[in-house]
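Residues per chain, in single letters:
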Amino acid sequence: AQSVSQHNHHVILSEAASLELGCNYSYGGTVNLFWYVQYPGQHLQLLLKYFSGDPLVKGIKGFEAEFIKSKFSFNLRKPSVQWSDTAEYFCAVILNRDDKIIFGKGTRLHILP
Amino acid sequence: DAGVTQSPTHLIKTRGQQVTLRCSPKSGHDTVSWYQQALGQGPQFIFQYYEEEERQRGNFPDRFSGHQFPNYSSELNVNALLLGDSALYLCASSLGGHLEAFFGQGTRLTVV
């Protein structure tokens, strides 16, 4: 069965540190990739998405992600994190339109002020 | 423009009871999906409704059922509640044929 793996369950960083959260998926065909963020007490929000084209995609709040097809990876990056980035981050994949979203287990990010 | 709204926000039920959760999709959306997010886990797909029919279903028992109304709103019903059903239940809406889904804040169900 298709799955999404997130490498880190908990990450603690200081403000201004660089961030990279790993994500791998297990599916050999065409995929549509997402990163969602869940701030404390808020709903899941879309951070960025990749459907096709330039494998480096930019999202909101300075986040970006790179799709590397040969590695089945879609890692999330931010050059300098802020305290307000404290949240849980989910990598996700959809195989086909109108299909279910397959989520990773999430990475809880805590930024120290 | 209202986003996805879910009710209630919190609920406490006893084992064996039944529960109904409600979802109103984002304006203009016709597809509703439900997810269960257990503590420390990512959301797991329960089922999806489109045109008042269940279009897809995840690996959940028949105790989980749903409904979609003509105005595209949806209900999730869970019968014979188990302690393991305690979770955050998320509703997501989308427009058929589109990949992007929008999520509600969820209903936190606690079974005691």
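Fair warning: this is a prediction, and the values are worked out from it, not measured in the lab.

Quick look at the state of the cysteines
Working definition: the covalent bond between the sulfur atoms of two cysteines is a disulfide.
All names here are of chain A.
Phase 1 of the analysis: Enumeration according to the criterion identifies 2 disulfides over all chains in this entry.
Phase 2 of the analysis: The disulfide partner of C23 is C91, and the gap between their sulfur atoms is 1.9 Å. On the S-S bond that ties C23 to C91, the torsion sits near -70 degrees, and the link is left-handed. Of this pair, C23 sits in strand β4 (residues 23-25) while C91 sits in strand β10 (residues 87-94), and the two are 68 residues apart along the sequence. With respect to burial, C23 and C91 carry one shared label: buried.

Observations concerning the interface of chain A and chain B
Phase 1 of the analysis: The interface of chain A with chain B comprises 22 residues on the first partner and 22 residues on the second.
Phase 2 of the analysis: Buried surface at the junction of chain A and chain B, both sides included, amounts to about 1900 Å², of which 52% is carbon and sulfur.
Phase 3 of the analysis: The interface formed by chain A and chain B contains 1 salt bridge.
Phase 4 of the analysis: E100 of chain B is paired through a salt bridge with K49 of chain A; the nearest N and O atoms lie 2.6 Å apart.
Phase 5 of the analysis: Counting the contacts that link chain A with chain B gives 4 residue pairs in polar contact (both at pLDDT 80 or more).
Phase 6 of the analysis: Listed by contribution, the elements that provide at least two residues to the side of chain A that touches chain B are β5 (32-38), β6 (45-50) and β10 of chain A.

Here is what the cut-offs are and how they apply
Residues numbered from 1 in each chain as written. Chains lettered and ligands numbered in written order. Predicted model: local features only at pLDDT ≥ 70, side-chain atom pairs only at ≥ 80, totals over all residues. Heavy atoms only, no water. Disulfide = S-S within 2.5 Å. Helix = DSSP H or I, 4+ residues; strand = E, 2+ residues; numbered from the N terminus. Buried < 20%, exposed > 50% of the residue type's maximum accessible area, 1.4 Å probe, protein only. Contact = heavy atoms within 4.5 Å. Buried area = accessible area lost by both parts, 1.4 Å probe. Salt bridge = Lys/Arg side-chain N within 4 Å of Asp/Glu carboxyl O. Polar contact = N/O pair within 3.5 Å; in protein donor to acceptor, adjacent residues only side chain to side chain.

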